[in-house]
Amino acid sequence: NAGVTQTPKFQVLKTGQSMTLQCAQDMNHEYMSWYRQDPGMGLRLIHYSVGAGITDQGEVPNGYNVSRSTTEDFPLRLLSAAPSQTSVYFCASTRGLAGGPTDTQYFGPGTRLTVL
Amino acid sequence: AQKITQTQPGMFVQEKEAVTLDCTYDTSDQSYGLFWYKQPSSGEMIFLIYQGSYDEQNATEGRYSLNFQKARKSANLVISASQLGDSAMYFCAIWGAGSYQLTFGKGTKLSVIP
């Protein structure tokens, strides 16, 4: 049971490049989400998914795309990277919506992204 | 909408002493959960403790307890017998039943002094 895994751990991009941050969980969790963490800002929700085929925007969705083709995977795509997207990105999952207020969110180890 | 306020950017505590980290919240949901996470310098987010809005008893997990005062909308974390390994950032977060998202505060940096 690996929990929530993220790849890569570190990435440097040039402005305008695209890339995909990978996230996978092996706990059969319905709900998955992406957060970004900037200094002094705490974690802010980018996108979330309540199940395969269903995604929605969070607080800071601009510049990011997501898809959820399987229960296990929830990749985050940067279509044209900008320096403002330099941040630490966390993927998280939790059991389900019905248990939302009672279920712990499990976080991946994070991806540190730098956009030059 | 939901919001978490952590008013202490940084705190110091002597080893073996207890410390309280403040958290106040705002939500329009009747059903919600409050969480505390620890983030050490290595960067991972570690779940510490959870309190449900309908829980009558304050949550406890080992040296961690949550002082939940619903009328005041506060959910303070109490760490007893601080250890050097407790030095980290601590985040309070809320999940509202109707929100589908976990909203975090800006965090408190705790430093434990030998």
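Residues numbered from 1 in each chain as written. Chains lettered and ligands numbered in written order. Predicted model: local features only at pLDDT ≥ 70, side-chain atom pairs only at ≥ 80, totals over all residues. Heavy atoms only, no water.

Q: How would you explain the overall build of chain A if you had to name every residue and give the values?
A: In terms of helices and strands, chain A carries zero helices and eleven strands. Along its sequence from the N terminus, chain A presents helices and strands in the succession β-β-β-β-β-β-β-β-β-β-β. Over its C-alpha trace chain A gives a radius of gyration of 13 Å, about what one expects of a compact globule, namely 13 Å for 116 residues. For chain A, the spread of C-alpha atoms along the principal axes amounts to about 40 × 30 × 25 Å. Taken over 116 residues, chain A has a buried fraction of 52%. When contacts within chain A are restricted to residue pairs at least 6 apart in sequence, long-range pairs at least 24 apart make up 56% of them. Accessible surface for chain A amounts to roughly 5200 Å². Of this, 50% is attributable to carbon and sulfur atoms. (Helix = DSSP H or I, 4+ residues; strand = E, 2+ residues; numbered from the N terminus. Rg over C-alpha atoms; globule rule 2.2 N^0.38 Å. Buried < 20%, exposed > 50% of the residue type's maximum accessible area, 1.4 Å probe, protein only. Contact = heavy atoms within 4.5 Å. Areas by Shrake-Rupley, 256 points an atom, 1.4 Å probe, with all protein chains shown as cover.)

Q: Quick one: what's the story with the sheet that holds strand S1 (residues 4-7) of chain A, residue by residue and with numbers?
A: All names here are of chain A. Spatially, four strands are ordered S1-S3-S8-S7 in an open sheet, and the strand pairing comes out antiparallel. Either end of the sheet is taken by a strand with one partner, and the two such strands are S1 and strand S7 (64-66). Averaged over all adjacent pairs, the angle separating strand axes in this sheet is 20°, with direction ignored. Sheet topology note: the S1/strand S3 (residues 19-25) ladder contains four bridges and is antiparallel. Residue pairing in the sheet places Gln 6 in a bridge with Cys 23 of S3. (Pairing = 2+ DSSP bridges. Axes fitted to C-alpha atoms, helices over the stretch in contact; angles between N-to-C directions.)

Q: I'd like a rundown of the packing of aromatic side chains, residues and numbers included.
A: One pass over the full model with this rule turns up 16 aromatic pairs over all chains. Here B:Tyr25 and B:Tyr32 contribute two aromatic rings whose centre-to-centre distance is 5.2 Å and whose plane-to-plane angle is 55°, an arrangement assigned as tilted. Like B:Tyr25, the residue B:Tyr32 is buried in the burial classification. Considering the side-chain rings of B:Phe91 and B:Phe104, the 6.4 Å spacing of their centres and the 85° angle between planes classify their relative orientation as edge-to-face. A residue pair is termed long-range when its members are at least 10 positions apart, and B:Phe91 in strand S10 (residues 88-96) and B:Phe104 in strand S11 (residues 102-104) qualify at 13 residues. The rings of A:Tyr35, A:Phe90, A:Phe107, B:Phe35, B:Tyr37, B:Phe47, B:Tyr50, B:Phe91 and B:Phe104 are connected pair by pair, giving a single aromatic cluster. One residue, B:Arg63, lies across the ring of B:Tyr64, its end atom 5.7 Å from the ring centre. (Phe/Tyr/Trp six-rings, centres within 6.5 Å; stacked < 30°, edge-to-face > 60°. Lys NZ or Arg CZ within 6 Å of the ring centre and 35° of its normal.)

Q: Could you give an account of the side chain of B:Asp29, naming the residues involved and the relevant values?
A: All names here are of chain B. Among the secondary structure elements, Asp 29 is positioned in the loop between strand S4 (24-27) and strand S5 (32-39). No salt bridge is formed by the buried Asp 29; its nearest oppositely charged neighbour, Lys 73, is found at 11 Å. Ignoring any residue separated from it by four or fewer positions in sequence, one finds Asp 29 in contact with Gln 2, Gly 96, Ala 97, Gly 98 and Ser 99. (Lys, Arg positive; Asp, Glu negative; His and termini not counted. Salt bridge = Lys/Arg side-chain N within 4 Å of Asp/Glu carboxyl O.)

Q: I'd like to hear about the pattern of salt bridges, residue by residue, with values.
A: Residue and element names in this part refer to chain A. Evaluated as defined, the whole model comprises four salt bridges over all chains. Close ionic contact of Arg 36 with Asp 38 constitutes a salt bridge, the shortest N to O distance being 3.0 Å. For Arg 36, a relative accessible area of 9% puts it in the buried group. With a shortest N-O distance of 2.7 Å, Asp 38 and Arg 44 are connected by a salt bridge. An identical accessibility class is assigned to Asp 38 and Arg 44; each is buried. Salt bridges here are not isolated pairs; linked through shared partners, they connect Arg 36, Asp 38 and Arg 44.

Q: Could you give an account of the state of the cysteines, with specific residues and numbers?
A: Cysteine pairs can be linked by a disulfide, which is a covalent bond between their two sulfur atoms. The tally for this structure, following the rule as stated, stands at two disulfides over all chains. At a sulfur-sulfur separation of 1.8 Å, the disulfide partner of A:Cys23 is A:Cys91. As the torsion about the S-S bond is roughly -70°, the A:Cys23-A:Cys91 disulfide counts as left-handed. Placement of the pair is A:Cys23 in strand S3 and A:Cys91 in strand S9 (residues 87-94), with a sequence separation of 68 residues. Given the relative accessible area of 1%, A:Cys23 is considered buried. A sulfur-sulfur separation of 2.0 Å characterises the disulfide bridge that pairs B:Cys23 with B:Cys92. (Disulfide = S-S within 2.5 Å.)

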